[in-house]
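So the chains spell out like this:
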Amino acid sequence: MKYKKGDIVLVQSAAGKAIPKFHVKLLKKTVVNSSKGATIDWPGYTAWEATPIYQKEVDMLRKEWQISFQRANEDLTFVNEEDIIKKITN
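Here is a short report on the structure shown in this document. (Residues numbered from 1 in each chain as written. Predicted model: local features only at pLDDT ≥ 70, side-chain atom pairs only at ≥ 80, totals over all residues. Heavy atoms only, no water.)

Right, let's get into the overall build of the protein chain. Looking only at helices and strands, the protein chain has 1 helix and 7 strands in total. In the protein chain, the order of α-helices and β-strands from amino to carboxyl end is β-β-β-β-β-α-β-β. Overall, the protein chain is about 45 × 30 × 20 Å in size when its C-alpha atoms are taken along their principal axes. Across the 90 residues of the protein chain, 30% fall into the buried class. In the protein chain, 53% of the contacts between residues at least 6 apart in sequence involve partners at least 24 apart. Only carbon and sulfur atoms are counted for the fraction: they give 51% of the accessible area of the protein chain, which is about 6400 Å². Taken together, the 15 basic and 11 acidic charged side chains of the protein chain have centroids lying 5 Å from each other. (Helix = DSSP H or I, 4+ residues; strand = E, 2+ residues; numbered from the N terminus. Buried < 20%, exposed > 50% of the residue type's maximum accessible area, 1.4 Å probe, protein only. Contact = heavy atoms within 4.5 Å. Areas by Shrake-Rupley, 256 points an atom, 1.4 Å probe, with all protein chains shown as cover. Lys, Arg positive; Asp, Glu negative; His and termini not counted. Charge placed at Lys NZ, Arg CZ, Asp CG, Glu CD.)

The next subject is the environment of Thr77. Structurally, the position occupied by Thr77 is in strand 6 (residues 77-80). Contact partners of Thr77, with chain neighbours within four places excluded, come to Val24, Trp48, Glu49, Ala50 and Phe69.

Using the criterion set out here, one finds 4 salt bridges in the structure. Asp7 is paired through a salt bridge with Lys4; the nearest N and O atoms lie 3.5 Å apart. Residue Asp7 is classed as buried on the basis of its relative accessible area, which comes to 6%. Ionic pairing is found between Asp41 and Lys36, a salt bridge with its closest N-O pair at 3.4 Å. Owing to a relative accessible area of 71%, Lys36 belongs among the exposed residues under this scheme. Put simply, Lys4, Asp7 and Lys87 are held in one network by salt bridges that share partners. (Salt bridge = Lys/Arg side-chain N within 4 Å of Asp/Glu carboxyl O.)

Written out as structure tokens, the structure reads:
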């Protein structure tokens, strides 16, 4: 699925499936192509700069999982596109 700036998506933390899913707004896309190194080949990836959008989820992640979010629509996080579960439609 193609995502674009401003989309609201549900994401799963790359840190583990025990951490609850949460909603973010996509802000800026970053694409890094794969490259060959001297001793290792580096895989490419697509990721997004994003911000959590629901204060209730921010509070839960901070209190129960010690994730350093403070304010919805202000904090920034980096989300790998492979960690996006689905796009939320209104």
